[in-house]
Amino acid sequence: MANLTKDRMLQAATRLLQTRGYFGTGLNDVLAESGAPRGSLYFHFPGGKGQLALEATRAAVDEVTLATAKIIAEAESPGAALRAISERIAELMRTTSYERSCPISPLIHDGANDLPALLDLCREAFDTWMGLMGKMLQKSGLPPDRAKALSLLAQTVFQGGAIVSRTHHDDRMLLDAIDEVARLVDREIANVS
């Protein structure tokens with residue numbers, strides 16, 4: 001029972017943090033959305049809101065990392081992998097009425113610079129995701145420096161494309177932007193081969 005309560009609080013915190021950011025998410029909101037009793041909050045998260053935000057964000061980052069690694073492993077080409085990742089993000093936007101996309105971007109926009117542990121987690125997440133893409137590109141024959149640059153480009157377009165798509169409630173903006181990156185990547189790989 002205790003683990004179910006903690007899980008509900010983590011899931012509620014994840015949704016709220018991704019929708020409202022760190023400063024827009026109150027502990028009372030997490031309790032209300034999760035249906036957890038007030039006393040359970042500090043029992044499960046003695047570090048308070050900071051600990052809850054870190055654990056919820058870590059779980060969301062781990063989920064994205066696993067999904068990204070799986071997509072990359074199953075994709076026929078790097079371009080196909082980038083398109084599949086963007087489809088996953090687009091699906092999340094659609095199913096949440098364009099309220100959610102990336103688990104860490106709202107925290108960065110909300111001022112994670114004032115929260116060193118959260119900022120470190122966000123940096124680590126971006127480095128991990130770009131690292132997965134970089135390895136994929138290197139396996140396809142691109143030199144490490146070029147793979148790193150294209151991974152940064154892809155991650156930047158995922159983030160920016162998601163923001164523009166959320167603003168317009170139109171996932172095509174993200175999908176079309178990533179399609180351009182995917183074509184560039186596939187062209188560069190073809191030229192190396």
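Before reading on, note that the structure itself is shown above.
Residues numbered from 1 in each chain as written. Predicted model: local features only at pLDDT ≥ 70, side-chain atom pairs only at ≥ 80, totals over all residues. Heavy atoms only, no water.

Student: Help me out: how do you make sense of the packing of helix α4 (residues 48–74) against helix α5 (residues 78–95) in this one?
Tutor: Between two packed helices, both the angle of their axes relative to each other and the distance between the axes serve to describe the pair. Close contact between α4 and α5 brings their axes to 9 Å; oriented N to C, the two are set at 145 degrees. Viewed along their axes, α4 and α5 form a crossing whose handedness is right-handed. On α5, the residues touching Glu63, Val64, Ala67, Thr68, Ile71 and Ile72 of α4 are Ala81, Ala84, Ile85 and Arg88. Here the contact of α4 with α5 is composed, by residue class, of seven nonpolar, one polar and two charged. (Axes fitted to C-alpha atoms, helices over the stretch in contact; angles between N-to-C directions. Helix = DSSP H or I, 4+ residues; strand = E, 2+ residues; numbered from the N terminus. Left-handed = near helix turned anticlockwise from the far one by under 90°. Contact = heavy atoms within 4.5 Å. Nonpolar A, V, L, I, M, F, W, Y, C, P; charged D, E, K, R; others polar.)

Student: When you look at the side chain of threonine 57 in this model, what are you seeing that I'm missing?
Tutor: Structurally, threonine 57 can be placed in helix α4. Here threonine 57 falls in the buried class, since its relative accessible area comes to 2%. (Buried < 20%, exposed > 50% of the residue type's maximum accessible area, 1.4 Å probe, protein only.)

Student: It is not clear to me how the packing of helix α7 (residues 116–139) against helix α8 (residues 144–168) should be interpreted in this structure. Could you clarify?
Tutor: Where α7 meets α8, the axes come as close as 8 Å, and the angle between the chain directions of the two elements is 130 degrees. The orientation of α7 relative to α8 falls into the category oblique. For α7 against α8, the interelement crossing comes out right-handed. Between α7, through Phe126, Trp129, Met130, Met133, Gly134, Leu137 and Gln138, and α8, the contact on the second element is made entirely by Pro144, Ala147, Leu150, Ser151, Leu152, Ala154, Gln155, Phe158 and Gln159. Partitioned by chemical class, the residues of the contact of α7 with α8 number 11 nonpolar, five polar and no charged. (Parallel < 35°, antiparallel > 145°, perpendicular 65-115°, else oblique.)

Student: Would you take a moment to explain the state of the cysteines for this structure?
Tutor: The bond known as a disulfide is covalent and runs between the sulfur atoms of two cysteines. Applying the stated criterion across every chain, the model contains zero disulfides. Here cysteine 102 is not cross-linked by a disulfide; its sulfur's nearest cysteine counterpart is in cysteine 122, at 8.0 Å. Given a relative accessible area of 8%, cysteine 102 falls into the buried group. (Disulfide = S-S within 2.5 Å.)

Student: I would appreciate a short explanation of empty space enclosed by the protein in the present structure.
Tutor: Taken as a whole and judged by the stated rule, the model has two cavities of 30 Å³ or more. Around the largest cavity, the lining is made up of 15 residues, and of these Val64, Thr68, Ile85, Ile89 and Trp129 lie nearest the centre. Secondary structure elements with two or more residues in the lining of the largest cavity: α4, α5, α7 and α8. Forming the walls of the second largest cavity are Ala13, Leu17, Thr25, Leu27, Val30, Lys49, Leu52 and Ala53. When residues of the lining of the second largest cavity are traced back to their parent elements, those giving at least two are α1 (2–20), α2 (27–34) and α4. Sort the elements by how many residues they give to the lining of the second largest cavity and α4 lands first, with three residues. Grouping the constituent residues of the lining of the second largest cavity by class yields six nonpolar, one polar and one charged. (1 Å grid on protein atoms, 1.4 Å probe; cavity = no way out; pocket = protein on both sides within 12 Å on 5 of 7 lines; lining within 4 Å. Points joined across faces, edges and corners; volume = space filled by probe spheres on them.)

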